[in-house]
Number of protein chains: 4
Amino acid sequence: MMRVTVWNENRHEQTNATVKDIYPNGIHGTIAQFLSSEEVEVHTATLDEKEHGLTEEVLSETDVLIWWGHLAHHEVKDEIVAKVKKRVLEGMGLLVLHSGHFSKIFKSLMGTTCDLKWREADERERLWVVDPSHPIVDGIGEYIELEKEEMYGEHFDIPAPDQLIFMSWFEGGEVFRSGCTYQRGSGKIFYFRPGHETYPTYHQSDIQKVIKNAVQWLKPVNRNTPIYGNSKPLETITQKE
Amino acid sequence: MMRVTVWNENRHEQTNATVKDIYPNGIHGTIAQFLSSEEVEVHTATLDEKEHGLTEEVLSETDVLIWWGHLAHHEVKDEIVAKVKKRVLEGMGLLVLHSGHFSKIFKSLMGTTCDLKWREADERERLWVVDPSHPIVDGIGEYIELEKEEMYGEHFDIPAPDQLIFMSWFEGGEVFRSGCTYQRGSGKIFYFRPGHETYPTYHQSDIQKVIKNAVQWLKPVNRNTPIYGNSKPLETITQKE
Amino acid sequence: MMRVTVWNENRHEQTNATVKDIYPNGIHGTIAQFLSSEEVEVHTATLDEKEHGLTEEVLSETDVLIWWGHLAHHEVKDEIVAKVKKRVLEGMGLLVLHSGHFSKIFKSLMGTTCDLKWREADERERLWVVDPSHPIVDGIGEYIELEKEEMYGEHFDIPAPDQLIFMSWFEGGEVFRSGCTYQRGSGKIFYFRPGHETYPTYHQSDIQKVIKNAVQWLKPVNRNTPIYGNSKPLETITQKE
Amino acid sequence: MMRVTVWNENRHEQTNATVKDIYPNGIHGTIAQFLSSEEVEVHTATLDEKEHGLTEEVLSETDVLIWWGHLAHHEVKDEIVAKVKKRVLEGMGLLVLHSGHFSKIFKSLMGTTCDLKWREADERERLWVVDPSHPIVDGIGEYIELEKEEMYGEHFDIPAPDQLIFMSWFEGGEVFRSGCTYQRGSGKIFYFRPGHETYPTYHQSDIQKVIKNAVQWLKPVNRNTPIYGNSKPLETITQKE
């Protein structure tokens, strides 16, 4: 049984009628619903809950954390970010969605600004699969087409991904590395671009399939955390002059 | 249900009493035995069978192919190698063991000589885990120790692996990239160093665990092969002067 | 002093008036001209010369080989390909241009089909820089725009590049990994997409700048080829029971 | 003309007679001396200088910064670290030496703990070249041997390097990724393991050669910083319903 926590800022949903209309239970609610299954137990957590809903207990019982944030990244407390980061390095999977590229947790794990070009212009996006061998594209065709999305364009200021899985084409003339995996410590990270709040992106079946696949791929590995620090030799060391 | 085919040259077992003693059913027999389970159906194939046991039918029904070869690489027919390669590019997983580094199939997929340093001196090997996030090291400690093994040393003439999972230490002073993953077409490849025929390496539980994990990681992705060739535009192209 | 050999199939130039008009001295002639400088000595070689102009002597005196081929890949002799490959693995840089993706030498070094989608439709291409730290983009802006080019689209069946430097946007809706580096043996490889024969692409200053930068980046490293084969221990190996 | 700044904590040199004896002008002094040439202008900076010697002016005039620190990482002011990081992302090269693995600047750029195993036992280290194509190993043999060094062992908690160049063998039984490159923003980073303060490592000619090569490889690329933020379309976007 996988245990997933879907974290959402959950602010647009309170103030923007369009967003509320598309996601009446919040973006987190929609994601939680399509992810839940006999093998995946899903909880949600939001910014305005105590400790943003990410207590030690919640984190210690989370195998994969999904993160959606946008306008309130700065309100996320540094101490919570530190706890999440510690858990990722210990093995918890992290799926960062869309505007989460600017979240404290993603920037801290990447070591770069994570900046990019953007535009809201109801334009077409096409996410092309560039790694057909990756389990994250199981059941996905040559590309995923989104009729209207926000544009994110290169240069995307991230470290070169360990694996590049999707590359986006935008109607306005830009491209973007839209599906990127990273390994950090004992944990795995997947950044997935789509999901502007004013479009019904997370209701699209291909997008849901990618997120479901990603959750499986992000599953923690079952082994002890490496031992660091001063270490006795495993072999005899010759005395030298 | 995963379908695994274990291919073995199966020559040392016929002529060398030590090898026969360690692997009375052949290296392939030992690997087949520990891999078989309710979820994994295992067949074996050997060099001296018709078409080396790798007919179109066998290959088309194989999800993951395991390859052990050593002194008869040149006897493997080019047409069979071509068929195996086609299947890997279409998605079949390939696990190349030890001296398989010099097999036609591995060299053809790597594009390099795959040459290395080697020595048979009953020396100690220690395979250190350098990627603790990878499912191939599930259940594995900080390192795997093998009391006696053949040495393989750098420079190992392979492309830089997509993921480097194990690095070996050898008593005689060398190091080696011992666990390497590659993506080629729709298929995944794992090279795993240990397994000289005169040592009981494939009887060791950690080695078996890595091979079991690798088979799961090598599982083909379920999607159509990409379409290549001349392609109609998906968007209107402006006529230019 | 760098020694560059520009190899060209040089067939379109003989039969197609448009191509002849754009490249009166052949594609190789144009490239040789803009590359030549006080620091770079350039020679050319073409398919119809003896040994395709790539004798042992020429190859042994070449630091970087540039390759443009298209309709006569199959006419390139296997023995010459083998010699070129040997030299790349020994350290000679290789710059593969455009339709060279299907050359024997590139496919052999990649280990994959190197297949792709394509279309000739006079459409716009925009090559976005995704690795701003790489010396190959020295002096290059955010993107290079080509008013008319042949389209190459994903999936491009290559191994994941060691470094991805350019990603192309095409008017018709596709994307492509257009600037890819690889390490093979002691040699470095750069694949650069643009340059369909019926467009004046190699006359464009940004394209020339990239090729000049690439030649510098491809410079061989000055060191002995690694030693392979049976190897004496560097440390004392304990006798074991 | 390259402009290099060698930064050193410079504390061991004040208090430890052994270190003072090996590096009478400080580790920074030794490095500055062998690096200086007609093409490379070298300055030094140390922790106890004002702003640690890393003023805006110094940083803006530095092409490559070399970093050696150990026991006083915590004394380096966060505001200086932020300035250094900004400069790296803008293109300044960064060479992190030995115990600099735990510096604030390295940890911040890596996004991981950068923790490792260590031991001081006067043991032999052998750094094997695993990427013979890289300019950093120009003029270097198959390995560099250091008669006595501190041991650093895996797991080294870093992101998978973009390029792995050296792997160390240690007498006591461990291995280590000793030469690692990274790209961050417009800047390049090289981590190079050797250089414990109580050994004359930086006096060894091979080590000096690697550092000289690395400085050249770390050279900033000459181009404008990418433009981020809201961006007008480059193509016409169709109005959709």
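Data block above holds the structure.
Numbers given for residues are sequential positions, taken from 1 along each chain in its written order. Throughout, the order in which chains and ligands are written sets their labels, letters from A for the former and numbers from 1 for the latter. Since the coordinates come from a predicted model, pLDDT governs what is reported: local features require at least 70, and pairs of side-chain atoms require 80 or more to be given and counted, while whole-chain, interface and lining totals use all residues. Just so you know, side-chain values use all the structure's heavy atoms and leave hydrogens and water out.

A. Up close: the overall build of chain A. Counting its secondary structure elements, chain A contains seven helices and 10 strands. With the radius of gyration taken over C-alpha atoms, the globule rule is written as 2.2 Å times the number of residues to the power 0.38. For a compact globule of 241 residues, the expected C-alpha radius of gyration is about 18 Å, and chain A comes in at 19 Å, within 12% of that figure. Projected onto the principal axes, the alpha-carbon positions of chain A cover approximately 75 × 40 × 35 Å. Taken over 241 residues, chain A has a buried fraction of 65%. In chain A, once contacts between residues fewer than 6 apart in sequence are set aside, the share between residues at least 24 apart is 71%. Each accessible area value is a Shrake-Rupley result obtained with a 1.4 Å probe; residue values ignore everything except the protein chains displayed when judging cover. Surface accessibility of chain A: about 8600 Å² in total, with carbon and sulfur atoms responsible for 47%. Averaged over its 26 positive side-chain charges, chain A has a centre that lies 5 Å from the centre of its 38 negative ones. Strands here mean DSSP runs of E at least two residues long; helices mean DSSP runs of H or I at least four residues long; both are numbered from the N terminus. When accessible area is computed with a 1.4 Å probe and restricted to protein chains, residues below 20% of their type maximum are described as buried, those above 50% as exposed, and intermediate ones as partly exposed. For this analysis, residues touch if any pair of their heavy atoms sits within 4.5 Å. In summary, the charge assignment counts Lys and Arg as positive and Asp and Glu as negative, without counting His or the chain termini. We put the charge of a Lys on NZ, of an Arg on CZ, of an Asp on CG and of a Glu on CD.

B. Focus on the interface of chain A and chain D. The interface of chain A with chain D comprises 48 residues on the first partner and 48 residues on the second. When two components associate, each loses some accessible surface as probed by a 1.4 Å sphere; the sum of these losses over both components is called the buried area. Of the roughly 3700 Å² buried where chain A meets chain D, counting both sides, 51% is carbon and sulfur surface. Basic side-chain nitrogens of Lys or Arg form a salt bridge, by our definition, when they fall within 4 Å of a carboxyl oxygen of Asp or Glu. The tally of links from chain A across to chain D stands at zero salt bridges. The definition of a polar contact used here is a pair of N or O atoms within 3.5 Å, where within protein one atom must be able to donate a hydrogen and the other to accept one, and adjacent residues in sequence count solely through side-chain atom pairs. Where chain A touches chain D, the interface holds 27 residue pairs in polar contact (both at pLDDT 80 or more). Contributions of two or more residues to the side of chain A that touches chain D are made by α5 (78–90), α6 (104–110), β5 (117–129), β6 (143–153), β8 (175–184) and β10 (229–230) of chain A. The biggest single contributor to the side of chain A that touches chain D is β5 of chain A, with seven residues. Any residue that is not Ala, Val, Leu, Ile, Met, Phe, Trp, Tyr, Cys, Pro, Asp, Glu, Lys or Arg is counted as polar, Gly included; the first ten are nonpolar and the last four charged. Looking at side-chain class alone, the side of chain A that touches chain D contains 16 nonpolar, 14 polar and 18 charged residues.

C. The arrangement of the relation of the copies chain A and chain D in detail. Superposition of the copies was done by least squares, using only C-alpha atoms of residues whose pLDDT is at least 70 in both. Between chain A and chain D, which share one sequence, the superposing operator has a rotation angle of 180° and an axial displacement of 0.0 Å; the RMSD is 0.0 Å. The superposition of one copy onto the other is thereby described by a two-fold rotation axis. For chain A, the residue whose C-alpha comes nearest the rotation axis is Gly 111 of chain A, separated from it by 2.6 Å. In this assembly, 100% of the residues forming the interface of chain A have copies in chain D that are likewise at the interface, indicating an isologous arrangement.

D. Seen up close, the interface of chain B and chain C. Contact with chain B, which involves 48 residues of that partner, is made by 48 residues of chain C. Summed over both partners, the interface of chain B with chain C comes to about 3700 Å²; 51% of that surface belongs to carbon and sulfur atoms. Where chain B touches chain C, the interface holds zero salt bridges. Summed over the shared surface of chain B and chain C, the result is 28 residue pairs in polar contact (both at pLDDT 80 or more).

E. Local environment of the relation of the copies chain B and chain C. Here chain B sits on chain C after a turn of 180° about the axis and a move of 0.0 Å along it, with an RMSD of 0.0 Å. Interface residue correspondence from chain B to chain C reaches 100%, placing this contact among same-surface, isologous pairings.

F. Structural context of the environment of Asp 21 of chain C. Position of Asp 21 of chain C relative to the elements: it lies in helix α2 (residues 17–22). Asp 21 of chain C sits 58 residues away from Glu 79 of chain C along the chain, and the two C-alpha atoms are 33 Å apart.

G. A look at helix α5 (residues 78–90) of chain C. Residues and elements named next belong to chain C. Relative to the 18 Å expected for 13 residues at 1.5 Å per residue, α5 spans 18 Å between its end C-alpha atoms, a close match to the ideal helical length. Turning to α5, its buried residues are Ile 80, Val 81, Val 84, Lys 85, Arg 87, Val 88 and Leu 89. The secondary structure elements touched by the buried residues of α5 are α4 (56–60), β3 (64–68), β4 (93–97), α6 (104–110), β8 (175–184) and β9 (187–192). Trailing α5 by a residue or two, Gly 91 shows a phi angle of about 135°, which is positive. One fewer than the residue count of a helix, multiplied by 1.5 Å, yields its expected span.

H. Representation of the pattern of salt bridges in the model. Overall, the coordinates contain 73 salt bridges over all chains when judged by the stated rule. In this structure, Glu 235 of chain B and Arg 126 of chain A form a salt bridge, with 2.6 Å as the shortest nitrogen-oxygen distance. Within this pair, whereas Glu 235 of chain B is found in the segment after β10 (229–230), its partner Arg 126 of chain A is found in strand β5, the two belonging to separate chains. Residue classification places Glu 235 of chain B among the buried residues on the basis of a relative accessible area of 11%. The buried category is assigned to Arg 126 of chain A, whose relative accessible area is 0%. The residue Lys 83 of chain B makes a salt bridge to Glu 56 of chain B at a minimum N-O spacing of 3.8 Å.

I. View of the packing of aromatic side chains. Residues and elements named next belong to chain B. Paired rings are identified among Phe, Tyr and Trp, the last through its six-membered ring, by centres lying within 6.5 Å, and are further divided according to the angle between planes into stacked (under 30 degrees), edge-to-face (over 60) and tilted (the rest). On inspection of all chains with the given rule, the structure shows 38 aromatic pairs over all chains. Considering the side-chain rings of Phe 166 and Phe 192, the 5.7 Å spacing of their centres and the 45° angle between planes classify their relative orientation as tilted. In this pair, Phe 166 is assigned in strand β7 (residues 163–170) and Phe 192 in strand β9 (residues 187–192), connecting sequence segments 26 residues apart. Assessed through its relative accessible area of 0%, Phe 192 is described here as buried.

J. Main features of the side chain of Glu 125 of chain C. Residue and element names in this part refer to chain C. With respect to the helices and strands, the residue Glu 125 is situated in strand β5 (residues 117–129). In terms of polar contacts, Glu 125 uses its side chain to reach the side chain of Ser 168, at 2.5 Å. At a separation of 2.5 Å, a polar atom in the side chain of Glu 125 contacts the side chain of Arg 193.

K. Structural view of the pairing of strand β8 (residues 175–184) of chain D. All names here are of chain D. β8 sits mainly inside the fold: 10 of its 10 residues count as buried. Only strands that DSSP links by at least two bridges are regarded as paired with each other. Two elements, strand β7 (residues 163–170) and β8, share six bridges in a ladder whose sense is antiparallel. Note that in β8 the partner of Trp 169 across the bridge is Val 175. Hairpin connection between β7 and β8: a loop of four residues separates the two successive antiparallel strands, and Gly 173 in this loop has a positive phi of roughly 115°. Inspection of the sheet shows β8 paired to strand β9 (residues 187–192) by six bridges, in the antiparallel sense.

L. Main features of the side chain of Ser 133 of chain A. With respect to the helices and strands, the residue Ser 133 of chain A is situated in the loop between β5 and β6. Using a relative accessible area of 2% as the deciding quantity, one classes Ser 133 of chain A as buried. A polar side-chain atom of Ser 133 of chain A sits 2.7 Å from a polar atom in the side chain of Asp 131 of chain A. With near-sequence residues (within four places) excluded, Ser 133 of chain A lies in contact with Gln 183, Gly 185, Ser 186, Gly 187, Lys 188 and Val 221 of chain B.

M. Quick peek at the environment of Val 137 of chain A. Within the element layout of this structure, Val 137 of chain A appears in the loop between β5 and β6. Sequence separation of Val 137 of chain A and Ile 165 of chain A is 28 residues, and the distance between their C-alpha atoms is 8.0 Å. The residues contacting Val 137 of chain A, other than those within four sequence positions of it, are Val 129, Asp 131, Pro 132, Ile 165, Phe 166 and Asn 213 of chain A together with Val 221 and Arg 223 of chain B.

N. Summary view of helix α3 (residues 26–35) of chain B. All names here are of chain B. α3 sits mainly inside the fold: nine of its 10 residues count as buried. Three or more residues of α3 are buried, namely Gly 26, Ile 27, His 28, Gly 29, Thr 30, Ile 31, Ala 32, Phe 34 and Leu 35. Contact partners of the buried residues in α3: β1 (2–8), α1 (12–15), β2 (40–46), β3 (64–68), β4 (93–97) and α7 (205–217).

O. View of the state of the cysteines. Working definition: a disulfide is two cysteine sulfur atoms within 2.5 Å of each other. Per the stated rule, a full pass over the model turns up zero disulfides over all chains. Looking at Cys 114 of chain B, it has no disulfide partner, and the nearest cysteine sulfur is the one in Cys 180 of chain B, 10 Å off.

P. Looking closely at the environment of Thr 46 of chain A. All names here are of chain A. Within the fold, Thr 46 resides in strand β2 (residues 40–46). When its relative accessible area of 9% is taken as the criterion, Thr 46 is described as buried. Thr 46 sits 12 residues away from Val 58 along the chain, and the two C-alpha atoms are 12 Å apart. Beyond its immediate stretch of four places on either side in the chain, Thr 46 contacts Trp 7, Asn 8, Asn 10, His 28, His 52 and Gly 53.

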